[in-house]
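Structural overview for review
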Amino acid sequence: MSGFGVFSVAGGTPHVGWRDGDEVVDLSGIGDVYAQPSLNALMALGRRAWDESLAGVRAHDGPRTKISAATMHLPFAVADFVDFSSSLEHANNMGRMFRPDGESLLPNWRWLPVGYQGRAGSVVVSGTGVRRPRGQLKGPGSDVPEYAPTRRLDFELELGFVVGIPTEPGETLAPERFADHVFGVLLVNDWSARDIQAWEYVPLGPFLAKSFQTSVAAWVTPLALLDDVRVDAPAQEPPALPHLAGGRDWGLDIDLEVELNGAVVSRGNARSLYWTMPQQLAHATSNGARLRTGDLMASGTISGADHGSEGSLIELAENGARPLRLPDGTERTFLEDGDEVVLRGRAGALELGEVRGRISP
Ligand code: CA
């Protein structure tokens, strides 16, 4: 397990560390960008500096602290947060549940990675508690909504990337430019309130159903460490338009799992994603919207084709029709107070930082 994070010890000043197994190595002795309370200064240096410094970072003989004795902080200041819908299986599953009488896949889905602007200010680091949000809910048997705590709280297993190098307003990026601008990847849990979502999402998409909190890993894995897990992404039909064509060698063969109260409830793999990260970035900049250091973009829920590989509880439990049975004998259709969710990602020696969160009332 390795990657960059921001940590502090015993109330000291947070700064950048490198994870080495169950320890974090203090990098603040290497230079100013590592003595910061976020990765943003390091992320603004660019691909050449990132690659040239990585060997020195990994070999640095700085002070070490057990992770268990460190406080982990949000690793970077989030500029904007964009969330996509890149998994064909997830989009199909959600379409069938939210629009049972129509086509599960809307006509635009295979032409662009559908996305929405999330809320950067409610992105928190792994381990932060999750308060059950209140919102407008309207049951199928009711004529009017009520304002109440969500009864359909869910997780979404996602893979995100963070932008290091900004763009100028008006500048567009081809998928091939991905590695010039993106610093690294990390797991993301896009907590979702399905009842709030179902009532509010037409016609402008999710708003309060997802903006109450998004949890990210404490550790960012630099792109250079992904070389061994890169594979071709699944074929696209129809072929993408020219400005989104490319970046198809950024499928990521990373095993993913979701643990609920200590039991693994889902096993999948990131290589099933239809739209790759370079295509997501190309689409997000295709209108000339500028990138800023710290922009976080996430894949959307990653679900596989087989039952048991879905990245959200609403899919695993088939919208309540097939409750999940946990080893303690209890059943879940949605998350209950006290539940703890952990997302993990692994590929051989590569391990992404986990994302952990416990629900409170
Ligand atoms: Ca999402």
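Nothing here was measured: the structure is a model prediction, and the numbers come from that model.

Cut-offs and rules
Residues numbered from 1 in each chain as written. Predicted model: local features only at pLDDT ≥ 70, side-chain atom pairs only at ≥ 80, totals over all residues. Heavy atoms only, no water. Buried < 20%, exposed > 50% of the residue type's maximum accessible area, 1.4 Å probe, protein only. Helix = DSSP H or I, 4+ residues; strand = E, 2+ residues; numbered from the N terminus. Contact = heavy atoms within 4.5 Å. Salt bridge = Lys/Arg side-chain N within 4 Å of Asp/Glu carboxyl O. Domains from an automatic or database assignment. Buried area = accessible area lost by both parts, 1.4 Å probe. Pairing = 2+ DSSP bridges. Axes fitted to C-alpha atoms, helices over the stretch in contact; angles between N-to-C directions. Donors = N, O, S within 2.8 Å, 3.2 Å for Na, K, Ca; no water. Core = buried A, V, L, I, M, F, W, Y, C linked by side-chain atoms within 4.5 Å. Expected span 1.5 Å × (residues − 1). Bend = angle between axes of the 7 residues up to and from the residue. Phe/Tyr/Trp six-rings, centres within 6.5 Å; stacked < 30°, edge-to-face > 60°. Lys NZ or Arg CZ within 6 Å of the ring centre and 35° of its normal.

Here we look at helix α7 (residues 277–285)
Counting buried residues in α7 gives seven out of nine residues, a clear majority hidden from the surface. Three or more residues of α7 are buried, namely Met277, Pro278, Gln279, Gln280, Leu281, Ala282 and Thr285. Of the surrounding secondary structure, the elements contacted by the buried residues of α7 are β6 (81–85), β13 (157–163), α4 (178–181), β14 (182–189), β19 (251–252) and β22 (296–298).

With respect to the pattern of salt bridges
Taken as a whole, this structure holds 25 salt bridges when the rule is applied. Between Arg47 and Asp51 there is a salt bridge, with its nearest N and O atoms 3.0 Å apart. Taken together, the positions of Arg47 and Asp51, both in helix α2 (residues 47–59) and four residues apart, correspond to about one turn of that helix. Put simply, Asp180 and Arg177 hold a salt bridge, and the shortest N to O gap is 3.2 Å. Classification of Arg177 as partly exposed rests on a relative accessible area of 33%. It is possible to trace a salt-bridge network through shared partners that takes in Glu257, Glu259, Glu340, Arg344, Glu354, Arg356 and Arg358.

Topic: the domain arrangement of the protein chain
In terms of domain boundaries, the protein chain breaks down into domain 1 (2–73) and domain 2 (81–360). Spacing between the C-alpha centres of domain 1 and domain 2 amounts to 27 Å. Listed as interface residues are 24 residues of domain 1 and, on the opposing side, 21 residues of domain 2. Taken over both partners, the interface formed by domain 1 and domain 2 buries close to 1,600 Å², and the fraction arising from carbon and sulfur atoms is 71%. Sorting the residues of domain 1 by area buried against domain 2 places Phe4, Met43 and Arg47 first, and these three jointly supply 34% of that buried surface. In this assembly, domain 1 and domain 2 are joined by zero salt bridges.

A short note on the sheet that holds strand β2 (residues 15–20)
Judged by pairing direction, the sheet is antiparallel, and its five strands sit side by side in the order β4-β3-β2-β1-β5 without closing on themselves. Two strands in the sheet have a free side with no partner beyond their single neighbour: β4 (64–66) and β5 (71–73). Strand-to-strand, the axes of this sheet are offset by a mean angle of 45°, without reference to chain direction. In this sheet, β4 lies alongside strand β3 (residues 23–26) in antiparallel orientation, the contact comprising three bridges. Opposite Glu23, over in β4, you have Lys66 as the bridge partner.

Regarding the coordination of the calcium ion
The protein atoms donating to the calcium ion are Asp83 (OD), Glu156 (OE), Glu158 (OE) and Asp190 (OD), with metal-donor distances spanning 2.2 to 2.3 Å. Summarised as a motif, the one-chain spacing of the donors to the calcium ion is D-x72-E-x1-E-x31-D. Placement of the pair is Glu156 in the loop between β12 (153–154) and β13 and Asp190 in the loop between β14 and β15 (192–193), with a sequence separation of 34 residues. Asp190 matches Glu156 in its accessibility class, with the two residues each being buried.

Quick word on the nonpolar core
Note that soluble globular proteins tend to have their nonpolar side chains buried in a common cluster. Of all hydrophobic cores here, the largest spans 72 residues; its most connected members are Phe4, Leu39 and Ile254. Among the elements that line this core, the one with the most residues is β14, at six residues. Ignoring sequence-local partners within four residues, the contact set of Leu39 consists of Phe4, Gly5, Val6, Val16, Pro75, Phe76, Phe183 and Val220.

Overview of α2
End to end, α2 covers 19 Å across 13 residues, agreeing with the expected 18 Å (1.5 Å per residue, within 8%). In the structure, α2 departs most strongly from a straight axis at Ser53, where the bend amounts to approximately 35°. Buried residues in α2 make contact with β1 (2–8), β2, α1 (40–43), α4, β14 and β17 (221–222).

Some remarks on the pairing of strand β25 (residues 340–347)
Of all eight residues that make up β25, seven are buried, and the element is covered over most of its length. Where β25 lies against strand β27 (residues 355–360), four bridges are found, and the strand directions are antiparallel. Counted as the bridge partner of Leu343 is Val355 from β27. Bridge analysis of β25 against strand β26 (residues 350–351) gives two bridges, and the strand direction is antiparallel. Bridging from a neighbouring strand, Ala347 pairs with Leu350 of β26.

Focus: unusual backbone geometry
Looking along the chain, the bond that leaves Val202 and enters Pro203 is cis, with omega of 5°. Residue Pro238 is reached from Glu237 by a cis peptide bond, and omega for that bond is 0°. Of note in this structure, Ala10 is not a glycine but carries a positive phi near 50°. With respect to the secondary-structure elements, Ala10 resides in the loop between β1 and β2.

A short note on the packing of aromatic side chains
The full count for this structure, using the stated rule, is eight aromatic pairs. Ring geometry for Phe161 versus Phe178: centroids 5.4 Å apart, planes at 80°, classification edge-to-face. Pair noted here: Phe161 is in strand β13 and Phe178 is in helix α4, with a separation of 17 residues, a long-range link. Between the aromatic rings of Phe178 and Trp250, the centroid separation amounts to 5.0 Å while the plane-to-plane angle is 65°, which identifies the pairing as edge-to-face. Here Trp250 lies in the loop between β18 (230–231) and β19 and Phe178 lies in helix α4, a separation of 72 residues in the sequence. Judged by relative accessible area, which is 0%, Phe178 ranks as buried. Through a chain of ring-to-ring contacts, the aromatic side chains of Phe4, Trp18, Trp50 and Phe183 assemble into a single cluster. When the ring centre of Trp250 is taken as origin, the NZ or CZ atom of Arg230, which lies over that ring, is 3.8 Å away.

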